[in-house]
Amino acid sequence: MSRSLLRTLTASTPLTLLAVAVLIALFATVAVKGFELTVFGALALYFVLWWTFLFAILPLGNAAEADPQRIVPGQDPGAPASPRLREKALLTTLLAAVAFFAALLIFPLARL
């Protein structure tokens, strides 16, 4: 994914959510048509993989706020300065798709 496309898709939360939803619909459609899964089975498997990858990806690249002027009262000093959640949502979506299709190829999940 090119850097400019990533910046465009993560420019706003609604655009990021739309991109994630479109990608998930595409992955589910391929799983239903190509691997004979039910819609519910495809979405359930993808949902589990997506959440698993999300919790693995969330801590990547985080650094605590180093500038004491930017810390507000009540803020946890270990909170990330720039969590980049939109980028991580797209990365999670793509990596979960790789694991999703690997599982479909490896395991006989037809009619799930």
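What counts and what doesn't
Residues numbered from 1 in each chain as written. Predicted model: local features only at pLDDT ≥ 70, side-chain atom pairs only at ≥ 80, totals over all residues. Heavy atoms only, no water. Helix = DSSP H or I, 4+ residues; strand = E, 2+ residues; numbered from the N terminus. Rg over C-alpha atoms; globule rule 2.2 N^0.38 Å. Buried < 20%, exposed > 50% of the residue type's maximum accessible area, 1.4 Å probe, protein only. Contact = heavy atoms within 4.5 Å. Areas by Shrake-Rupley, 256 points an atom, 1.4 Å probe, with all protein chains shown as cover. Lys, Arg positive; Asp, Glu negative; His and termini not counted. Charge placed at Lys NZ, Arg CZ, Asp CG, Glu CD. UniProt positions renumbered as here; feature names shortened; annotations may be inferred. Phe/Tyr/Trp six-rings, centres within 6.5 Å; stacked < 30°, edge-to-face > 60°. Expected span 1.5 Å × (residues − 1). Axes fitted to C-alpha atoms, helices over the stretch in contact; angles between N-to-C directions. Parallel < 35°, antiparallel > 145°, perpendicular 65-115°, else oblique. Nonpolar A, V, L, I, M, F, W, Y, C, P; charged D, E, K, R; others polar.

The protein chain is annotated in an unreviewed UniProt entry as DUF1467 family protein of Methylorubrum rhodesianum.

**Digging into the overall build of the protein chain**
Counting secondary structure elements, the protein chain contains four helices and zero strands. For the protein chain, the C-alpha radius of gyration of 17 Å lies well beyond 13 Å, the compact-globule estimate for 112 residues. By principal-axis analysis of the C-alpha atoms, the protein chain measures approximately 55 × 25 × 20 Å. Scored against the burial criterion, the 112 residues of the protein chain give a buried share of 25%. Looking at the protein chain alone, contacts between residues at least 24 apart form 70% of all its contacts between residues at least 6 apart. For the protein chain, the exposed surface amounts to about 7,300 Å²; the carbon and sulfur share of it is 72%. Here the protein chain carries 8 positive and 5 negative side-chain charges, and the mean point of each set is 10 Å from the other.

**Brief notes about the UniProt feature "transmembrane region" (unreviewed entry) in the protein chain**
Taking the UniProt record as the reference, the feature "transmembrane region" (unreviewed entry) is found at residues 12–32, 38–60 and 89–110. Annotation note: span residues 89–110, helix share 82%, strand share 0%, distance between end C-alpha atoms 28 Å.

**A look at the packing of aromatic side chains**
The full count for this structure, using the stated rule, is eight aromatic pairs. Members of the aromatic cluster, connected to one another through ring pairs, are Phe27, Phe35, Tyr46, Phe100 and Phe101.

**Some details on helix H4 (residues 85–106)**
Counted at 1.5 Å a residue, the expected span for H4 with its 22 residues is 32 Å, and the 31 Å between its end C-alpha atoms agrees. Taken together, the buried positions of H4 are Lys88, Ala89, Leu90, Thr92, Thr93, Ala96, Ala97, Phe100, Ala103 and Leu104. Considering only its buried residues, H4 is in contact with helix H1 (3–9), helix H2 (13–35) and helix H3 (39–57).

**As for the packing of H2 against H4**
Taken N-terminus to C-terminus, the directions of H2 and H4 make an angle of 5°; their axes are 10 Å apart at the nearest point. Between H2 and H4, the crossing angle belongs to the class labelled roughly parallel. Judged by residue contacts, Thr13, Thr16, Ala19, Val20, Leu23, Ile24, Phe27, Val30, Ala31 and Phe35 of H2 engage Arg86, Ala89, Leu90, Thr93, Leu94, Ala97, Phe100, Phe101, Leu104 and Leu105 from H4. Broken down by class, the residue content of the contact of H2 with H4 amounts to 16 nonpolar, three polar and one charged.

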